[in-house]
Each structure stands twice: as C-alpha cells, then as structure tokens.
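Below, each chain spelled out in residue letters.
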Amino acid sequence: MCNAFWWLASKTKLWQASAMSDNARAASLIAALGHDVGHFARNNIFLVASRNDLAVTYNDKSVLECFHSSTLQRLLDEPYGEGANCAQVFANLSPGSWRRARQLMITLILSTDTQQHRSEERR
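Now for a description of the structure that goes with this document. (Residues numbered from 1 in each chain as written. Predicted model: local features only at pLDDT ≥ 70, side-chain atom pairs only at ≥ 80, totals over all residues. Heavy atoms only, no water.)

1. Considerations on the pattern of salt bridges
For the structure on display, the rule yields 1 salt bridge. Note that Arg 25 is salt-bridged to Asp 22, the shortest N-O span being 2.8 Å. Highlighted residues: Arg 25 and Asp 22, both in helix H2 (residues 22–34), separated by 3 residues, approximately one helical turn. (Salt bridge = Lys/Arg side-chain N within 4 Å of Asp/Glu carboxyl O. Helix = DSSP H or I, 4+ residues; strand = E, 2+ residues; numbered from the N terminus.)

2. Quick word on helix H1 (residues 2–11)
Residues of H1 that are buried: Cys 2, Phe 5, Ala 9 and Ser 10. Mapping the buried residues of H1 onto a view down its axis gives an arc of 130°, with all of them on the same face. For H1, the exposed residues set more than 90 degrees away from the buried face come down to Asn 3 and Lys 11. Residues of H1 that are buried in the fold lie against H2. Once H1 ends, the next one or two residues include Lys 13, with phi positive near 65°. (Buried < 20%, exposed > 50% of the residue type's maximum accessible area, 1.4 Å probe, protein only. Arc of directions from axis to C-beta. Contact = heavy atoms within 4.5 Å.)

3. Focus: H2
Under the 1.5 Å per step criterion, the end-to-end length of H2 is 18 Å for 13 residues, consistent within 8% with the ideal 18 Å. Listing the buried residues of H2 in full gives Ala 24, Arg 25, Ala 27, Ser 28, Ile 30, Ala 31, Ala 32 and Gly 34. Check the buried side of H2 and you find it contacts H1, helix H5 (63–77) and helix H6 (95–110). (Expected span 1.5 Å × (residues − 1).)

4. Focus: the side chain of Ser 70
Mapped onto the elements of the fold, Ser 70 is located in helix H5. Assessed through its relative accessible area of 18%, Ser 70 is described here as buried. Within polar-contact distance, the side chain of Ser 70 engages the backbone oxygen of Phe 67 at 3.2 Å. (Polar contact = N/O pair within 3.5 Å; in protein donor to acceptor, adjacent residues only side chain to side chain.)

5. Observations concerning the packing of H5 against H6
Remark: H5 packs on H6, axes separated minimally by 8 Å, with the N-to-C direction vectors making an angle of 150°. By the criterion of interaxial angle, the relationship of H5 to H6 is roughly antiparallel. The crossing of H5 and H6 is right-handed. Seen from H5, the contacting residues are Glu 65, Cys 66, His 68, Ser 69, Leu 72, Gln 73, Leu 76 and Asp 77; seen from H6, they are Trp 98, Arg 102, Met 105, Ile 106, Ile 109 and Leu 110. For the contact of H5 with H6, the residue count by class is 8 nonpolar, 3 polar and 3 charged. (Axes fitted to C-alpha atoms, helices over the stretch in contact; angles between N-to-C directions. Parallel < 35°, antiparallel > 145°, perpendicular 65-115°, else oblique. Left-handed = near helix turned anticlockwise from the far one by under 90°. Nonpolar A, V, L, I, M, F, W, Y, C, P; charged D, E, K, R; others polar.)

So this is what it looks like as structure tokens:
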C-alpha cells in the first residue's frame, strides 16, 4: 500500500504541490504503512454481525479503520531506541504540527473504508 501510494503521489505530482509540507508527506506515508496495522483477517461486516468487542467499541462504524488508526497512533506515541537516544517518531514537531499530522493520518486511514464510499454513491 505504501509503495503504491508513493508511486501514485509521485506520478500525479502530488509531492510537488507547494501546499504539501514535509510533515504532511511523512504523515501520508506513515498512514499508508499503518493503514492495516493489527489486521486479523476479518472484515467489518463480520465484526458487526458477530457483535465483536471492536464493533461495540466503535459503534459499528468503520470498525477496522478506527482500530487501525488508533493502533497506529498508539504505536507512534511509544518511544523507540534505548537510553539517551530514546525518542518518539514525531517528537520534534510543534503541538500544532503534530495535531495536523495526526488528523491527516486519521483521515487517510478512515477513508480506506470502502463501505463509506459506497454509501456516498447511493446518495
């Protein structure tokens, strides 16, 4: 997914768009890497029908996408490295930049719910 996203963004000149910051580029690639983090071979329809805990937690709406997004955010909050070199991925961003990067990653991952695209087509 990440490679396909990067290729598409490069070919459509999205990366060259002056409005897209380096932080937005990084957040987009990280969202592509994490869009299915923790996936366990079930789909939203199954989770809702079986009243899975995740479906209950996310109120039957974009269950896996919400799960993937929150899991990615938790992973990004964890420190990596050891000792004095321990850091977080986005530790150097200002609070505002971090919020924008976080919201972009969430939006991109939630947008991968194909059921939401279908419901838009029906309107």
